[in-house]
Amino acid sequence: MGAFEVVDYEGLRYLCSRSTGVVQGHICLEAPHVPAVPYLRAALSTLLLDDCFSGARNILLIGLGAGVVPRFILRNFPSWHVTVVEICPEVIDTAVSHFYFPKTHPRLTVVCGCGNEYIKTCNRTFDWIFVDGFDQEGLVGPLLSSDFIQNCQRTLNPSSSLVVNSIALHENSTTVSMRLQGGLGRQVHVIQLTETPNFLSLALPSGFSASPKETLFSRAGRLKLISGLDLSSELDRLPCSAL
């Protein structure tokens, strides 16, 4: 018996830790390619701060869960390449067998290993980094250490952004923001969720200039047409400017 189990309940499929019951991810069985988890929708909304429909991107995801974010990106952004770092091989195997994770996709690189160790030796740069790695207790371990954050700085382009998912039961949003600001030298915007105890810390690109909300709505509308994902309700949480 493995450390994780898959549970189907009321039209949703969950990836759960057997020992703690902590949910590592879930999908809606009727629409498995449209992210349903509130904090993942909020994280994906940060892509709208840039013109995400022009040009190729290199994306780094630390923590796989049910594989929702890489599947969504690969399906809807055909010029983007995704690198996923996941420490637990069972999570990868379960994402493939039960959550439609396309492990052999030509624009996907899957690394089974520690995100902290990967960042230490990485010689590439990325356009968007999403840190969503937790142990079975819901703790991030070294993924908020000063060394990790400084190594992230080395892999970010000036126009890149970094999003860190945290759980308010274990982390304080002000503390996380200060760590990121100190290690990255960037403005940090916190997205507080009301649906779940998660909060997202968004390290903005260097010299970030906010777009008008109308521009964000236009991008959200285009993404909805392409993917079926409506992020318009997430836009009030994003930094934006007046016309």
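Before reading further, recall that the structure is shown in the block above.
These numbers were taken from a predicted model, which means no experiment stands behind them.

Trainee: Sorry, what's going on with the pattern of salt bridges here?
Mentor: Side chains that differ in sign of charge can pair as their charged atoms come close. Within the structure shown, the criterion is met by 9 salt bridges. E117 is the partner of K120 in a salt bridge, and the nearest nitrogen-oxygen pair spans 3.2 Å. Of this pair, K120 and E117 both sit in helix α4 (residues 115-121), 3 residues apart, which is roughly one turn of that helix. K120 gets classed as partly exposed once you look at its relative accessible area, which sits at 42%. One connected set of salt bridges, linked through shared partners, spans R41, E195, E234 and R237.

Trainee: Sorry if this is basic, but what is going on with the environment of Y14 here?
Mentor: Relative to the helices and strands, Y14 resides in strand β2 (residues 12-17). Here the alpha-carbon distance between Y14 and H98, two residues 84 residues apart in the chain, equals 9.6 Å. What Y14 contacts, discounting residues up to four positions off in sequence, is E5, V6, V7, Y9, V23, G25, H26 and F99.

Trainee: Sorry if this is basic, but what is going on with unusual backbone geometry here?
Mentor: In this model, E10 sits at a positive phi of 50 degrees, which is unusual for a non-glycine residue. Relative to the helices and strands, E10 is located in the loop between β1 (4-9) and β2. The class of E10 is exposed, set by a relative accessible area of 67%. Even without being glycine, Y100 reaches a positive phi, approximately 60 degrees.

Trainee: So what exactly am I meant to see when it comes to the environment of H98 here?
Mentor: Position of H98 relative to the elements: it lies in helix α3 (residues 89-98). Judged by relative accessible area, which is 34%, H98 ranks as partly exposed. C-alpha of H98 to C-alpha of C112: the two residues are 14 residues apart in sequence and 18 Å apart in space. The contacts of H98, once residues within four sequence positions are left out, are V6, R13 and I27.

Trainee: Looking at this structure, I do not really get the sheet that holds β1. What am I missing?
Mentor: The sheet built from 3 strands is open, its strands ordered β1-β2-β3 with antiparallel pairing. The two strands at the open ends of the sheet, each matched to only one other strand, are β1 and β3 (23-28). Each adjacent strand pair in this sheet contributes to an overall mean axis angle of 20 degrees, direction not counted. In this structure, β2 lies alongside β3, joined through 5 bridges in antiparallel fashion. In the strand pairing of β3, L12 is matched with C28. Each of β1, β2 and β3 touches α3; the most contacted strand, β1, lies at about 30 degrees to it.

Trainee: Just checking my understanding: could you explain the nonpolar core for this structure?
Mentor: Among soluble globular proteins, nonpolar side chains are generally buried collectively. Core analysis: the biggest nonpolar cluster contains 49 residues, and W128, F130 and L200 have the highest contact counts within it. Residues in contact with L200, not counting those within four places in the same chain, are Y39, A42, A43, F130, V163, V164, N165, H189, V190, I191 and L193.

Trainee: Whenever I open this one, the packing of aromatic side chains confuses me. Can you help?
Mentor: Enumeration over the complete set of coordinates arrives at 3 aromatic pairs. On the basis of an interplanar angle of 15 degrees and a centroid distance of 4.1 Å, the ring pair of F77 and W80 is categorised as stacked. W80 carries the same exposure label as F77, and that label is buried. One aromatic cluster in this structure is built from F53, F77 and W80.

Trainee: For this particular structure, what's the right way to read the layout of surface pockets?
Mentor: Over the atoms, a rolling probe the size of a water molecule traces out where space has been left empty. Quantified by volume, the second largest pocket comes out at close to 270 Å³. Every residue lining the second largest pocket is counted, 16 residues in all, and those nearest its centre are D50, D127, S159, S161 and P205. Listing elements by their share of the lining of the second largest pocket, those giving two or more residues are β7 (126-131) and β8 (156-167). Top element by residues in the lining of the second largest pocket is β8. It accounts for 3 residues. For the lining of the second largest pocket, the per-class residue count stands at 8 nonpolar, 5 polar and 3 charged.

Trainee: Even after reading the chapter, I still don't get helix α6 (residues 173-184), so can you show me in this structure?
Mentor: Side chains three or four residues apart in an α-helix point the same way, a direct result of the helix having 3.6 residues per turn. Spanning 12 residues, α6 covers 16 Å between terminal C-alpha atoms, matching the ideal 16 Å at 1.5 Å per step. Those residues of α6 not exposed but buried are S173, V176, S177, L180 and L184. Down the axis of α6, the buried side of the element spans an arc of 100 degrees, and every buried residue falls inside it. More than 90 degrees from the buried face of α6, the exposed residues found are M178 and G182. Along its buried surface, α6 packs onto α5 (146-155), β8, β9 (188-192) and β10 (198-203). For α6, the side-chain oxygen to backbone nitrogen distance between the N-cap and T174 is 2.9 Å, and the N-cap itself is N172. G185 lies just past α6 and shows a positive phi near 65 degrees.

Analysis parameters
- Residues numbered from 1 in each chain as written.
- Predicted model: local features only at pLDDT ≥ 70, side-chain atom pairs only at ≥ 80, totals over all residues.
- Heavy atoms only, no water.
- Salt bridge = Lys/Arg side-chain N within 4 Å of Asp/Glu carboxyl O.
- Helix = DSSP H or I, 4+ residues; strand = E, 2+ residues; numbered from the N terminus.
- Buried < 20%, exposed > 50% of the residue type's maximum accessible area, 1.4 Å probe, protein only.
- Contact = heavy atoms within 4.5 Å.
- Pairing = 2+ DSSP bridges.
- Axes fitted to C-alpha atoms, helices over the stretch in contact; angles between N-to-C directions.
- Core = buried A, V, L, I, M, F, W, Y, C linked by side-chain atoms within 4.5 Å.
- Phe/Tyr/Trp six-rings, centres within 6.5 Å; stacked < 30°, edge-to-face > 60°.
- 1 Å grid on protein atoms, 1.4 Å probe; cavity = no way out; pocket = protein on both sides within 12 Å on 5 of 7 lines; lining within 4 Å.
- Points joined across faces, edges and corners; volume = space filled by probe spheres on them.
- Nonpolar A, V, L, I, M, F, W, Y, C, P; charged D, E, K, R; others polar.
- Expected span 1.5 Å × (residues − 1).
- Arc of directions from axis to C-beta.
- Polar contact = N/O pair within 3.5 Å; in protein donor to acceptor, adjacent residues only side chain to side chain.

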